[in-house]
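# Summary of the model geometry
Residue strings, one per chain:
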Amino acid sequence: MPSFEDLPFELVSEILSIAAELNANDPDTVTYSYGLTQAPRPLQNKTYIQKYVRGRVPTDVLRWNSVDAIRQVNARWHHWALSHALKELYIRRWQGGETWMKRNFDNSPAVTHLPVVYQNPYKSVRCTAKLFHDYPWLAQHVRKIWFNGIYRFDTIGNVFDILENCINVRTVTIPWTALRYGDLKDWGNVLSFPRLTSLELLAVPLKSQVCAMPKSQVDTTVLQRSLNFHNLRRLKIFGDSNLQPITDDDLVFMSHTATNLEEILITNVSTITARGIASLISASRNTLKLLEFIPLAKGGFEPSQSTAQEEDLHICNLLASCPRLQDLAVTLPSACPDLFTSPTVDWHETVRIRVGSTGVDNLEALLESARTLLEQHRRRGNDGLDIEIAVGPYIFETKARLVHGSYKEAKIVSEMQWAPIELPSVKGPYGYTGLYGGGMKGEWSCISERDFLEAVRSGLVHLDS
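In this text, all values refer to a predicted model and were calculated from it rather than measured experimentally.

Definitions and limits used
- Residues numbered from 1 in each chain as written.
- Predicted model: local features only at pLDDT ≥ 70, side-chain atom pairs only at ≥ 80, totals over all residues.
- Heavy atoms only, no water.
- Helix = DSSP H or I, 4+ residues; strand = E, 2+ residues; numbered from the N terminus.
- Buried < 20%, exposed > 50% of the residue type's maximum accessible area, 1.4 Å probe, protein only.
- Contact = heavy atoms within 4.5 Å.
- Areas by Shrake-Rupley, 256 points an atom, 1.4 Å probe, with all protein chains shown as cover.
- Salt bridge = Lys/Arg side-chain N within 4 Å of Asp/Glu carboxyl O.
- Axes fitted to C-alpha atoms, helices over the stretch in contact; angles between N-to-C directions.
- Parallel < 35°, antiparallel > 145°, perpendicular 65-115°, else oblique.
- Left-handed = near helix turned anticlockwise from the far one by under 90°.
- Polar contact = N/O pair within 3.5 Å; in protein donor to acceptor, adjacent residues only side chain to side chain.
- Phe/Tyr/Trp six-rings, centres within 6.5 Å; stacked < 30°, edge-to-face > 60°.
- Lys NZ or Arg CZ within 6 Å of the ring centre and 35° of its normal.
- Pairing = 2+ DSSP bridges.

Along its length, the protein carries 17 helices and 18 strands. Sorting the 465 residues of the protein into buried and exposed places 43% on the buried side. Considering only residue pairs separated by 6 or more positions, the protein has 72% of its internal contacts joining residues 24 or more positions apart. Surface summary for the protein: the accessible area is close to 24,600 Å², and the carbon and sulfur share equals 53%.

If you want it as structure tokens, here you go:
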């Protein structure tokens, strides 16, 4: 008689996935971690210790717990359970106090004193590295891995130790310091993984004590060697740092072999300019589908200012010549109508362009060129395309011929003689809902493009203010 094991593996896998999801959503499943308030020290006033919710249990831990029973059935199910539990890993440095499960609190007596407990913050990281070294077949189940909080020169080696046998990984999110402290052997091994297509580099500011250490300034210059980024399809760089940040030169070295990128996402980075982006675009011009370059400054709340050297760099024709580019949100030091003169571009939805500096005549020509492109796409049936152009603190909605911004100061300067028809606006300084920085809700409104350009020419509104 046929048994459950005689079913096709695809069907068995689907059934086990449903069972694991039901286990994860079971009301008795522990989904939050709990901690204790600080214990009183000797000779201090007595304080009451209370338990509190610290946060959600990580998703990879929930997946592991959800297949705990499935792993014990037979070898086939055990293998499936490992693949399900280890497909995505979140490796982080330990922070905070002890974690407890809720049922331990419910069954425990009142606590009056707790000793001071110290735990090596990198203990779990090193244990993971040892586990994958002793049992490399476990690491082969990993498909996506994210490292967080492991930035120092003396701990970055643990990152490469964990990655050493993850030969089937698809996406790696890694600290930017791996580019400074990793050697040619480490990076050569990671980039040799046949299924690795996505690389994310995350940067954060570090403490001044860490930056002041002599070993923190070490740079292996691994990017200047024979690294091969040919297999990558997606490159993401996010965040600023005060220690050896990623720069244009790093992107130039990457572009020598990164010739098949389909997605480039560089956000909240003030040390990368249009020069570095241009090198990546040129290298992957025939494959690029998504480009997002938003170099925000001041913690991600303001657009970074372009330098005089950047303003001499012109990449409008380069962007217009990418045959497969569909999604575009980019900050340019300067722009001209050539950006919208190619009728063969395959842009979709809303294209967002921020221009560092421009004159009113060039801006007017830029808007008309954008509308011409929109009309060409409308005739071809692509009516969903829209273009937003941001200049200074203003956003131009080209299809609706509206300009979003704050016009209170302009009306005060004109002694309320300039009073255009205003409509409510919910757009922020880069075209998204809401406001960045200290802007107040309700400050922004939108006026007609004609009224705005007249105000610019009369000196009531300044594009760079």
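Moving on, there is more to tell.
Turning our eyes to something else, we now look at the pattern of salt bridges. If you walk through the whole model with that rule in mind, you get 18 salt bridges. Here aspartate 134 and lysine 130 are joined by a salt bridge, their closest N and O atoms 2.8 Å apart. Highlighted residues: aspartate 134 and lysine 130, both in helix 5 (residues 123-134), separated by four residues, approximately one helical turn. For lysine 130, a relative accessible area of 53% gives the class exposed. A salt bridge links arginine 180 to aspartate 250; the shortest N-O distance between them is 2.7 Å. Highlighted residues: arginine 180 in helix 8 (residues 178-181) and aspartate 250 in helix 11 (residues 248-255), separated in sequence by 70 residues. Here the two residues arginine 180 and aspartate 250 agree in accessibility, since each one is buried. Through salt bridges with shared partners, one network takes in Glu368, Arg371, Arg401 and Glu449.

This part takes up the packing of helix 2 (residues 59-66) against helix 3 (residues 75-86). For the pair helix 2 and helix 3, interaxial distance at closest approach is 8 Å and the crossing angle is 165°. Taken together, helix 2 and helix 3 sit at an angle that is classed as roughly antiparallel. Seen along the crossing, helix 2 lies across helix 3 with a hand that is right-handed. Facing Asp60, Arg63, Trp64 and Ser66 of helix 2, the residues of helix 3 in contact are Leu82, His84, Ala85 and Leu86.

This part takes up the environment of phenylalanine 229. Relative to the helices and strands, phenylalanine 229 is located in the loop between helix 10 (208-212) and strand 7 (234-238). In the structure, phenylalanine 229 is positioned 31 residues away from asparagine 260 in sequence and 8.5 Å away in space, judged by C-alpha atoms. For phenylalanine 229, the contacting residues outside a window of four places in its chain are Leu191, Leu199, Leu223, Met254, Thr257 and Ala258.

In this structure, asparagine 260 sits in the loop between helix 11 and strand 8 (263-267). Overall, the relative accessible area of 18% leaves asparagine 260 in the buried class. A polar contact is formed between the side chain of asparagine 260 and the side chain of histidine 230, at a distance of 3.0 Å. When residues no more than four places from it in sequence are discounted, the contact partners of asparagine 260 are His230, Leu232, Arg233, Ser284 and Thr287.

Enumeration according to the criterion identifies ten aromatic pairs in this entry. An angle of 45° between the planes, with centres 5.6 Å apart, marks the rings of tyrosine 151 and tryptophan 176 as tilted. Residue tyrosine 151 is located in the loop between strand 4 (144-148) and helix 7 (156-163), and its partner tryptophan 176 is located in the loop between strand 5 (171-175) and helix 8; the two are separated by 25 residues in the primary sequence. Its relative accessible area of 14% is what places tyrosine 151 among the buried residues. With relative accessibility at 0%, the residue tryptophan 176 sits in the buried group. Geometrically, the ring pair formed by tyrosine 394 and tyrosine 407 is stacked, given 5.8 Å between the ring centres and 15° between the ring planes. Of this pair, tyrosine 394 sits in strand 15 (residues 394-397) while tyrosine 407 is found in the loop between strand 16 (402-405) and helix 16 (408-413), placing the two residues 13 residues apart along the sequence. The same class applies to tyrosine 394 and to tyrosine 407, which are both buried. Connected via pairs of aromatic rings, a cluster forms that spans Tyr394, Phe396, Tyr407, Trp418 and Phe452. Over the ring of tryptophan 64 we find arginine 71; its NZ or CZ atom is 4.0 Å from the centre of that ring.

Moving on to unusual backbone geometry. Look at threonine 221: it is not a glycine, yet its phi comes out positive at around 50°. Note on placement: threonine 221 falls in the loop between helix 10 and strand 7. Using a relative accessible area of 31% as the deciding quantity, one classes threonine 221 as partly exposed. At glutamate 349, a residue that is not glycine, the phi angle is positive and equals roughly 55°. The residue glutamate 349 is located in the loop between strand 12 (327-332) and strand 13 (350-355) in this model. Glutamate 349 gets classed as exposed once you look at its relative accessible area, which sits at 58%.

Another aspect to go through is the pairing of strand 18 (residues 445-448). Bridge count for strand 16 against strand 18 is four bridges, and the pairing is antiparallel. Looking across to strand 18, one finds that histidine 404 is bridged to cysteine 446. Relative to strand 18, strand 17 (residues 423-424) runs antiparallel, the two sharing two bridges. The residue of strand 18 that forms the bridge with proline 424 is serine 445.

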